[in-house]
Amino acid sequence: QVQLVESGGGLVQAGGSLRLSCAASGRTFSSYAMGWFRQAPGKAREFVAGISRSGGSTYYADSVKGRFTISRDNAKNTVYLQMPSLKPEDTAVYYCAARVGVLFSTTPGSYDDWGQGTQVTVSS
């Protein structure tokens, strides 16, 4: 099991930027593929971005492709989500998640461990 703690959320105006961080502790971070998900009020949790355990492979939801960037630093046990050009529809609680294995998944049920989430609010 790995413990995950997100940070970096907040309130920004449309067009602004945030960088989310997810710090991991516990088992070997480099054994885990990582994903970022988000959940808006009244909506299901949705995949945002994923990164392989080496960081060599990434994948994005169509809604954020070309805007957001996922990265990881295995030496610091941290995964990041850089979010420029934010839109009001990006407003949600953002969660990081870990799954044992080489590759990420877009399915929430495929992940073994989750953080508590961090709120991102984008005003128009």
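Structure shown above.
Residues numbered from 1 in each chain as written. Predicted model: local features only at pLDDT ≥ 70, side-chain atom pairs only at ≥ 80, totals over all residues. Heavy atoms only, no water.

Caption draft 1: Broad picture of the sheet that holds strand S7 (residues 69–73). Here four strands make up an open sheet; going across it, the order is S1-S3-S8-S7 and the pairing antiparallel. Looking at the sheet topology across the chains shown, the edges are occupied by strand S1 (2–7) and S7. Pairs of neighbouring strands in the sheet enclose a mean axial angle of 20 degrees, with direction left out of account. Both S1 and strand S3 (residues 18–26) contribute to a ladder of six bridges, which runs antiparallel. Looking at S3, one finds that Val-2 is bridged to Gly-26. (Pairing = 2+ DSSP bridges. Helix = DSSP H or I, 4+ residues; strand = E, 2+ residues; numbered from the N terminus. Axes fitted to C-alpha atoms, helices over the stretch in contact; angles between N-to-C directions.)

Caption draft 2: The pairing of strand S5 (residues 46–51), seen in detail. The element S5 is largely enclosed, with a buried count of five among its six residues. Sheet topology places strand S4 (residues 32–39) next to S5; five bridges connect them, and they run antiparallel. What sits directly across from Phe-37, in S5, is Phe-47. Connecting the antiparallel pair S4 and S5 is a turn made up of six residues, with Gly-42 showing a positive phi of about 75 degrees. Taken together, the three bridges between S5 and strand S6 (residues 58–60) define a ladder with antiparallel strand orientation. (Buried < 20%, exposed > 50% of the residue type's maximum accessible area, 1.4 Å probe, protein only.)

Caption draft 3: Structural detail: the state of the cysteines. Per the stated rule, a full pass over the model turns up one disulfide. The partner cysteine of Cys-22 in its disulfide is Cys-96, sulfur to sulfur 1.9 Å. Looking down the S-S bond of the Cys-22 and Cys-96 bridge, the torsion is 50 degrees, so its handedness is right-handed. Pair noted here: Cys-22 is in strand S3 and Cys-96 is in strand S9 (residues 92–100), with a separation of 74 residues, a long-range link. The pair formed by Cys-22 and Cys-96 is uniform in burial state, with each residue classed as buried. (Disulfide = S-S within 2.5 Å.)

Caption draft 4: Layout of the side chain of Asp-113. Residue placement: Asp-113 occurs in strand S10 (residues 113–114). Residue classification places Asp-113 among the buried residues on the basis of a relative accessible area of 9%. Of the polar contacts made by the side chain of Asp-113, one reaches the backbone nitrogen of Val-2; its length is 3.3 Å. (Polar contact = N/O pair within 3.5 Å; in protein donor to acceptor, adjacent residues only side chain to side chain.)

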